[in-house]
Amino acid sequence: MSEFSPGVQAVIDQATAAAQIVRQHRARVRQRRFDTIAVHGIYNMQEALANQGSIIEPAFFAPAQHFANSDTMEAALAYQIPAWTYSRVANPTLHYLEETLALLEGYGLEAETHATLTSSGMAAVFLATVPFLSIEDGRQMNIVASARCYGGTFQLFSQRYAVERGVEVRWVQDPLNLDDWASKIDDQTRFVFGETPSNPGLSMFDMAGVAELAHAAGIPLIVDPTVATPALMRPLLDGADIIVHSVSKSLSFSGFVIAGAVIAPVNIPSRVGPDELRANFALYCKGFPLRDHGPALSPFNALMALNDLRTLRHRMDFLSVNTLRIAHWLEAHPKVEHVYYPGLSSNAEHEIAQQTMWLVDGDASGQPANRYGHLLSFTLKDGLQAARATFDSFEMIWRGTDLGKVKSVATIPAISTHQQQGESGRSLAAVQPGQIRLSVGAEHPDDILADLEQALSQA
Ligand SMILES: *Cc1c(COP(=O)(O)O)cnc(C)c1O
């Protein structure tokens, strides 16, 4: 017997039939190539005809949905029919972007993937981790994370979780050392977290190896591959369970957006939380933690990101090619001490990068091709003062705490993105005092090199 009245049940039955058609279309879209999914997502001709024929996904800016009657409203609010109800929880424009991101991140994966958008990358890191910190039996819980991570993530774990909630944070200082991860995971570990390639040191780790350790303990491996994007790396294929992205970076290249995403396949491992959390983590985040914490994305930002996403693979290809050239040039420069870039054989991460960073669907002739992204960092032989002099002399490369955008931008992480974690936190995270982080934009590489050349001459 249904818990709903016959009227509400009729609405649910009708929606179930309609949802079947949507699922069939999604299954067809999953057979398409990466570029096609990036361009079309799940938006199709039927949906366009229901939206005045709009070829581009329409923007829905209204916070709330109107319902035909009380039966429909009741079914929608019970999460029994596809509906968006209220923009803090769901919105049709966000849905197009969520489906596109879920399909791109899950490209090549057998399991179905789902996504939930958030108002920023940090909100995504928060939503993807906080559900695992539930108090169970009063025993001291811990989390295991690579210390080589974004400054905001470092502060979330070490301040909000460790100081404010009493969670023990076990930092992995040498992510390339699998024993370091293994020795820190025990029966009170709630999740394992790693960023790869990391911001700003481009550090990497053996994802399949760490995933195996996490799974043996019945817990999820959460990965932040923001710097790589799904065009170059899809950690779900290597055993990761949950992906977080700062959509503010390379995914929304034109630079108008702050946004984040949590993406997960169905059926993830966790020793804590309700069954719904394990069954469909992204949907769980949307229905509960997102609803209750409230970091919803604006539909305008979703639309901008959706537009940028369409050309993701092409630009990650040419930006990677240009960045490798710049990395080689910097490495050969007499004033440069070290260049951090996974595409360089001088980096300890190079072998792992060669195994895991591939341009999806291959190069222009369809051949497999390694591509290493458009973020690098470097230190100077004369240290911090020389780094500041170089940094202050840039005439075209912007000085700012930004990355992944159409315009080249540089920062000194120790005085910006990684300032607040202090010297001991930076030393844990292996952030050098005079390290300059450079995000290579879409300018002609000759002009980027010319600016680097003249700036280095001032050091
Ligand atoms: C920027 C960044 C974040 C945080 O994203 P916001 O959108 O700025 O909140 C998280 N992880 C990585 C790797 C980042 O570069």
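Residues numbered from 1 in each chain as written. Predicted model: local features only at pLDDT ≥ 70, side-chain atom pairs only at ≥ 80, totals over all residues. Heavy atoms only, no water.

A.B. asks: Tell me about the overall build of the protein, residues and numbers included.
C.D. replies: Looking only at helices and strands, the protein features 17 helices and 12 strands. Rg of the C-alpha trace for the protein: 23 Å, near the compact-globule value of 23 Å for 459 residues, within the 12% margin. When its C-alpha atoms are laid out on the principal axes, the protein stretches across 80 × 55 × 40 Å. Evaluated residue by residue, the protein yields a buried proportion of 56% over its 459 residues. Considering only residue pairs separated by 6 or more positions, the protein has 71% of its internal contacts joining residues 24 or more positions apart. Within the structure as shown, the protein displays about 19,100 Å² of accessible surface, and the carbon and sulfur contribution to it stands at 53%. Positive and negative side-chain charges of the protein, numbering 33 and 48 respectively, have mean locations separated by a distance of 3 Å. (Helix = DSSP H or I, 4+ residues; strand = E, 2+ residues; numbered from the N terminus. Rg over C-alpha atoms; globule rule 2.2 N^0.38 Å. Buried < 20%, exposed > 50% of the residue type's maximum accessible area, 1.4 Å probe, protein only. Contact = heavy atoms within 4.5 Å. Areas by Shrake-Rupley, 256 points an atom, 1.4 Å probe, with all protein chains shown as cover. Lys, Arg positive; Asp, Glu negative; His and termini not counted. Charge placed at Lys NZ, Arg CZ, Asp CG, Glu CD.)

A.B. asks: Run through the site of the ligand, naming residues and quoting values.
C.D. replies: Every residue near the ligand is listed here: S120, G121, M122, Y150, E195, N199, D224, T226, S246, S248, K249 and A259. In this structure, an oxygen atom belonging to the ligand sits 2.8 Å away from a side-chain N or O atom of K249. When the ligand sits alone it has 380 Å² of accessible area, and the protein chains cover 93% of it. Its residues placed into classes, the shell around the ligand shows three nonpolar, six polar and three charged. (Near = heavy atom within 4 Å. Polar contact = N/O pair within 3.5 Å; in protein donor to acceptor, adjacent residues only side chain to side chain. Nonpolar A, V, L, I, M, F, W, Y, C, P; charged D, E, K, R; others polar.)

A.B. asks: Provide a residue-level description of the pattern of salt bridges, including the pertinent values.
C.D. replies: This model, assessed by the stated rule, comprises 17 salt bridges. Linking D292 and R291 is a salt bridge whose minimum nitrogen-to-oxygen distance equals 2.7 Å. Across the salt bridge formed by D446 and R325, the nearest N and O atoms sit 2.7 Å from each other. Here D446 is found in helix α17 (residues 445–457), whereas its partner R325 is found in helix α13 (residues 312–332), with 121 residues between them in sequence. Of the residues examined, D446 reaches a relative accessible area of 41% and is grouped as partly exposed. Taken together, the shared-partner salt bridges connect R26, R30, E99 and E112 into one network. (Salt bridge = Lys/Arg side-chain N within 4 Å of Asp/Glu carboxyl O.)

A.B. asks: Account for the domain arrangement of the protein, with residues named and values stated.
C.D. replies: How large an interface is tends to be reported as the accessible area lost when its parts come together. In terms of domain boundaries, the protein breaks down into domain 1 (86–309) and domain 2 (312–456). Relative to domain 2, the C-alpha centre of domain 1 lies at a distance of 24 Å. In this assembly, domain 1 packs against domain 2 so that about 3,300 Å² is buried in total across both faces, 67% of it on carbon and sulfur atoms. Contact with domain 2 buries surface across domain 1, with P200, L232 and F253 losing the most and accounting together for 24% of the total. At the junction of domain 1 with domain 2, the criterion picks out zero salt bridges. On inspection of domain 1 and its partner domain 2, the count reaches 15 residue pairs in polar contact (both at pLDDT 80 or more). (Domains from an automatic or database assignment. Buried area = accessible area lost by both parts, 1.4 Å probe.)

A.B. asks: Describe in detail the sheet that holds strand β12 (residues 436–439), supporting the description with residues and values.
C.D. replies: Across the sheet, which stays open at both edges, the five strands sit in the order β8-β9-β12-β11-β10 with mixed pairing between neighbours. At either end of the open sheet lies a strand with only one pairing partner, and these are β8 (336–340) and β10 (398–399). Alignment of strand β9 (residues 375–380) against β12, held across four bridges, turns out to be antiparallel. Along β12, the bridge assignment pairs S377 with R437. Where α13 meets the sheet, its contacts fall on β8, β9 and β12, and the angle it forms with β9 comes to roughly 10 degrees. (Pairing = 2+ DSSP bridges. Axes fitted to C-alpha atoms, helices over the stretch in contact; angles between N-to-C directions.)

A.B. asks: Just give me the short version of unusual backbone geometry, but keep the residues and values in it.
C.D. replies: The omega torsion across T196 and P197 is -20 degrees, close enough to zero to call that bond cis. In this structure, the amide linkage connecting N199 to the following residue, P200, adopts the cis form with an omega of 10 degrees. Checked against the element boundaries, P200 lands in the loop between β4 (189–195) and α9 (207–216). The phi dihedral of Y79 is positive, around 60 degrees, even though this residue is not glycine. The backbone of A430 sits at a positive phi, close to 60 degrees, despite the residue not being glycine. For A430, a relative accessible area of 23% gives the class partly exposed.

A.B. asks: Lay out the pairing of strand β6 (residues 242–246) with the relevant residues and their values.
C.D. replies: With five of five residues buried, β6 is to be regarded as a mostly interior element. Here β6 shows two buried faces, one formed by I242, V244 and S246 and the other by I243 and H245. Two elements, strand β5 (residues 221–224) and β6, share two bridges in a ladder whose sense is parallel. Among the inter-strand pairings, I222 is bridged to a residue of β6, identified as I242. Bridge count between β6 and strand β7 (residues 260–265): four bridges; the pairing is antiparallel. By the bridge assignment for β7, H245 is matched with A261.

A.B. asks: Give me the lowdown on the packing of helix α1 (residues 6–30) against helix α5 (residues 92–105), citing residues and values where you can.
C.D. replies: The description of two packed helices rests on the angle between their axes and on the distance between the axes. At a minimum axis distance of 11 Å, the contact between α1 and α5 shows a crossing angle of 45 degrees. Here α1 is positioned oblique relative to α5, judged by the angle of their axes. Pair α1 / α5 crosses with right-handed handedness. Contacts between α1 and α5 involve R26, V29 and R30 from the former and E99, A102 and L103 from the latter. Class assignment of the residues belonging to the contact of α1 with α5 gives a composition of three nonpolar, no polar and three charged. (Parallel < 35°, antiparallel > 145°, perpendicular 65-115°, else oblique. Left-handed = near helix turned anticlockwise from the far one by under 90°.)

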